[in-house]
Every structure is written in structure tokens, then in C-alpha cells.
Amino acid sequence: METSSNSEMQVGSTGLIIIAIVYIGICLILANYGKSTKLGFWGSLAIVIFLTPSFGGMILQTLKNAELHKKKTNHTA
């Protein structure tokens, strides 16, 4: 007798569409957040899409902090 492990979750086409819409929405929100960096909106969107929103968001946060630090040191000098 063959035992099969049914550990895969069946999502279906509607579930995939919802996941894609949520993924793209998160990417657009993060790209909007990163539009004030030197990458701009489209560069931020490319980073977030290709590196997943979690890693892309960390990169955008690092770039934004670096630019704020640069502005702060230039302003006080």
C-alpha cells in the first residue's frame, strides 16, 4: 500500500491571482517609499520586485538612511 503525503496546499487560480495582487501592491508601496532615493520610483520598483519585498525594503531603508545622514552632515558643515 502506497502512502502519500498531502502536505501541499491547493491554492487554485483565484488564490494565485490574489497572491499576485497583494505582492504587486506591496511592491508598489515600497517603490513609492523609495522614490526619494537616488534610484527613484522605477529603480526602487525593480529592486523590490527582483529581490522580494522584504530584502528590497531593507535596501531602500538603508539607502534612505544614508541619504538622510548625508543631508544632515552637509547641513551642519
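See above for the structure.
As the structure is a prediction and not an experimental result, all values here were calculated from the model.

With respect to the helices and strands, lysine 64 occurs in helix α3 (residues 52-76). Of note is the side chain of lysine 64, whose polar atom sits 2.9 Å from the backbone oxygen of tyrosine 33.

With respect to the element layout, glycine 40 can be found in helix α2 (residues 40-50). Accessibility expressed as a relative area gives 16% for glycine 40, which makes it buried. Aside from chain neighbours lying at most four places away, what touches glycine 40 is Gly34 and Lys35.

Before going further, it helps to spend a moment on the nonpolar core. In terms of nonpolar packing, the biggest core is built from 6 residues, these being Cys27, Leu30, Ala31, Leu45, Val48 and Leu60. Those elements that place two or more of their residues in this core are α1 (12-33) and α2. A per-element tally of this core places α1 first, with 3 residues. When near neighbours in sequence (up to four residues on either side) are disregarded, alanine 31 contacts Phe41, Ser44 and Leu45.

This next bit is on the side chain of threonine 37. Inspection of the secondary structure puts threonine 37 in the loop between α1 and α2. Threonine 37 has contacts with Ser44, Leu60, Leu63, Lys64 and Glu67, leaving out every residue within four places of it along the chain.

Attention now goes to a nonpolar patch on the surface. A contiguous nonpolar surface patch, about 870 Å² in accessible area, is contributed by Tyr23, Ile24, Leu28, Ile49, Phe50, Leu51, Phe55, Met58 and Ile59. The set of elements that each furnish at least two residues to the nonpolar patch consists of α1, α2 and α3. On the basis of relative accessible area, isoleucine 24 is assigned to the partly exposed category, the value being 49%.

Procedures and definitions
- Residues numbered from 1 in each chain as written.
- Predicted model: local features only at pLDDT ≥ 70, side-chain atom pairs only at ≥ 80, totals over all residues.
- Heavy atoms only, no water.
- Helix = DSSP H or I, 4+ residues; strand = E, 2+ residues; numbered from the N terminus.
- Polar contact = N/O pair within 3.5 Å; in protein donor to acceptor, adjacent residues only side chain to side chain.
- Buried < 20%, exposed > 50% of the residue type's maximum accessible area, 1.4 Å probe, protein only.
- Contact = heavy atoms within 4.5 Å.
- Core = buried A, V, L, I, M, F, W, Y, C linked by side-chain atoms within 4.5 Å.
- Patch = residues over 30% accessible without salt bridge, like charges linked within 9 Å, V, L, I, M, F, W, Y side chains within 5 Å.
- Areas by Shrake-Rupley, 256 points an atom, 1.4 Å probe, with all protein chains shown as cover.
- Salt bridge = Lys/Arg side-chain N within 4 Å of Asp/Glu carboxyl O.

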